[in-house]
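Chain and residue survey
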Amino acid sequence: MFPGFGTVLNVVAVVAGSAAGLLVGHRLPQRTRDVVTDALGLVTLLIAAISAAAVLDAGFAAEVGDSATVLIVLGALLIGGIAGSLLRIEARLEDVGSGLQRRLSRDGDGDSRRRFVEGFVSTSLLFCVGPLTILGSLSDGMGLGYDQLALKATMDGFAAVAFAASFGWGVMASALAVAVVQGLLTLVGVVAGSLLGDAYVAAITATGGLLLVGVALRLLRMKPLPVGDLLPALIVAPLLVSIVAAIRS
């Protein structure tokens, strides 16, 4: 298959799952939708914990030192969060969601707009932040196969059914974010080849796991963390690994 096939598969799964959720969504009471969203929030917490555990990766520790792994993740979140807040990434994501809502939805009342934006932002972050997004896209770009993205597509498709039943059209719109983010990561994989070491992947995965905690807290309606503003941390993390590794050498 061609590089990027896994992303195409993922986008199709999100669109198909969202369509199924929209078809059955009006038949489900609000209480059932809330339970489904809470369940997805709990599973997101589980995935986040597994991802964050990459901070204990042996290759990561060997590259930067045992005591530096947590500090690198902390530094990535702090620096990335400051950069993201200055760039107003969270607000821009919400603006994109509002713009799409006006174009795709005929219902312009405030509650519909809020649900569209929340569905677009939450599912875009959920589908685009995590180890399978990064590792799967890079592997696909490097010609190592699309197996990881096929697994992610299956998970995202089922999740889209539940999310679309709760949030509506915004979930289907998140397929655009999946296409852009995973497409760019696949391109990075094509260019970088096998140059990205295990320590860099572990740093990105651990940082992404903590971002997923923020997504889970939003889904559980516990605290609306501005996870979008923290997204630059995924770029800062491997840069810090390079700096620390250079200092140690």
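Worth saying up front: this structure is predicted, and the values here are computed from it rather than measured.

1. Side note on the overall build of the protein chain
Scanning the protein chain from N- to C-terminus turns up twelve helices and zero strands. When the helices and strands of the protein chain are placed in sequence order, the string is α-α-α-α-α-α-α-α-α-α-α-α. Against the compact-globule benchmark of 18 Å for 249 residues, the protein chain has a radius of gyration of 18 Å, which places it among compact chains. Projecting the C-alpha coordinates of the protein chain onto the three principal axes gives extents of approximately 60 × 40 × 30 Å.

2. A few points about the packing of helix α10 (residues 198–219) against helix α12 (residues 233–248)
Each pair of packed helices can be summarised by the angle the axes make with each other and by the distance between the axes. At their nearest, the axes of α10 and α12 sit 9 Å apart, and the two run at 145° to each other. Crossing angle aside, the handedness with which α10 passes α12 is right-handed. Contact with α10, carried on its side by A199, Y200, A203, I204, T207, G208 and L211, involves A233, L234, A237, P238, V241 and S242 of α12 and no other residues of that element. Residue classes in the contact of α10 with α12 are distributed as ten nonpolar, three polar and no charged.

3. A few points about the packing of aromatic side chains
The description of two aromatic rings rests on the distance between their centres and on the angle between their planes. One pass over the structure, following the stated rule, counts three aromatic pairs. Look at F5 and Y146: their rings are 4.8 Å apart centre to centre, the planes differ by 70°, and that puts the pair in the edge-to-face class. Note that F5 is positioned in helix α1 (residues 5–25) and Y146 in the loop between α7 (131–141) and α8 (147–167), a separation of 141 residues in sequence. Arranged with centres 6.2 Å apart and planes meeting at 20°, the rings of F163 and F167 form a pair that is stacked. Taken together, the residues span about one helical turn, with F163 and F167 both in helix α8 at a distance of four residues. For F167, a relative accessible area of 13% gives the class buried. In textbook terms, an aromatic cluster arises when at least three aromatic residues are bridged by ring pairs, as seen for F2, F5 and Y146.

4. Here's the deal with unusual backbone geometry
Glycine aside, residues mostly have negative phi angles, and peptide bonds mostly take the trans form. Located in the positive-phi region is R88, a residue other than glycine, with phi close to 55°. Along the chain, R88 falls in the loop between α4 (69–87) and α5 (89–104). Taking relative accessible area as the criterion, R88 reaches 42% and is therefore assigned partly exposed.

5. Considering the environment of L211
Within the fold, L211 resides in helix α10. For L211, a relative accessible area of 1% translates into the label buried. Separated by 163 residues in sequence, L211 and A48 have C-alpha atoms that sit 7.7 Å apart. Every residue in contact with L211, bar those within four places of it in the chain, is listed here: L77, V129, V227, L230, L231 and L234.

6. Section: α4
An α-helical turn contains 3.6 residues, so any two residues separated by three or four positions project in the same direction. For α4, built from 19 residues, the straight-helix expectation of 27 Å at 1.5 Å per residue is met to within 8% by its first-to-last C-alpha distance of 27 Å. Turning to α4, its buried residues number three or more, namely T69, I72, V73, G75, A76, L77, G80, G81 and G84. Looking one or two residues past α4, R88 carries a phi angle of roughly 55°, positive in sign.

7. Looking at a nonpolar patch on the surface
Nonpolar side chains collect at one region of the surface, where V180, L184, L187, V190 and V191 lie side by side and expose about 490 Å² of accessible area between them. Relative to the elements of secondary structure, L184 occurs in helix α9 (residues 169–192). Residue class for L184 comes out exposed when judged on its relative accessible area of 53%.

8. Structural notes on the UniProt feature "transmembrane region" (unreviewed entry) in the protein chain
UniProt annotation of "transmembrane region" (unreviewed entry) refers to residues 6–24, 36–56, 68–87, 116–138, 158–187, 199–218 and 230–247 when read in the numbering used here. As annotated, residues 68–87 has a helix share of 95% and a strand share of 0%, and its two end C-alpha atoms lie 28 Å apart. Summarising residues 158–187: 97% helix, 0% strand, and an end-to-end C-alpha distance of 27 Å.

9. Topic: the pattern of salt bridges
Under the definition given, this model contains three salt bridges. The closest approach of N and O atoms between R221 and D38, which form a salt bridge, is 2.9 Å. Of this pair, R221 sits in the loop between α10 and α11 (227–230) while D38 sits in helix α2 (residues 30–52), and the two are 183 residues apart along the sequence. Assessed through its relative accessible area of 51%, R221 is described here as exposed.

10. Concerning the nonpolar core
F60, F127, F163 and V241 are the most contacted members of the largest nonpolar core, which has 51 residues in total. Residues within four places of F127 in sequence aside, it is in contact with V14, T133, K152, D156, A159, A160, S174, V178 and Q182.

11. Description of the side chain of D229
For D229, the location among the structural elements is in helix α11. Put simply, D229 is tucked away with no salt bridge, and the nearest opposite charge, on R88, sits 7.9 Å away. A distance of 3.2 Å separates a polar atom in the side chain of D229 from the backbone nitrogen of I89.

Rules and cut-offs
- Residues numbered from 1 in each chain as written.
- Predicted model: local features only at pLDDT ≥ 70, side-chain atom pairs only at ≥ 80, totals over all residues.
- Heavy atoms only, no water.
- Helix = DSSP H or I, 4+ residues; strand = E, 2+ residues; numbered from the N terminus.
- Rg over C-alpha atoms; globule rule 2.2 N^0.38 Å.
- Axes fitted to C-alpha atoms, helices over the stretch in contact; angles between N-to-C directions.
- Left-handed = near helix turned anticlockwise from the far one by under 90°.
- Contact = heavy atoms within 4.5 Å.
- Nonpolar A, V, L, I, M, F, W, Y, C, P; charged D, E, K, R; others polar.
- Phe/Tyr/Trp six-rings, centres within 6.5 Å; stacked < 30°, edge-to-face > 60°.
- Buried < 20%, exposed > 50% of the residue type's maximum accessible area, 1.4 Å probe, protein only.
- Expected span 1.5 Å × (residues − 1).
- Patch = residues over 30% accessible without salt bridge, like charges linked within 9 Å, V, L, I, M, F, W, Y side chains within 5 Å.
- Areas by Shrake-Rupley, 256 points an atom, 1.4 Å probe, with all protein chains shown as cover.
- Salt bridge = Lys/Arg side-chain N within 4 Å of Asp/Glu carboxyl O.
- UniProt positions renumbered as here; feature names shortened; annotations may be inferred.
- Core = buried A, V, L, I, M, F, W, Y, C linked by side-chain atoms within 4.5 Å.
- Lys, Arg positive; Asp, Glu negative; His and termini not counted.
- Polar contact = N/O pair within 3.5 Å; in protein donor to acceptor, adjacent residues only side chain to side chain.

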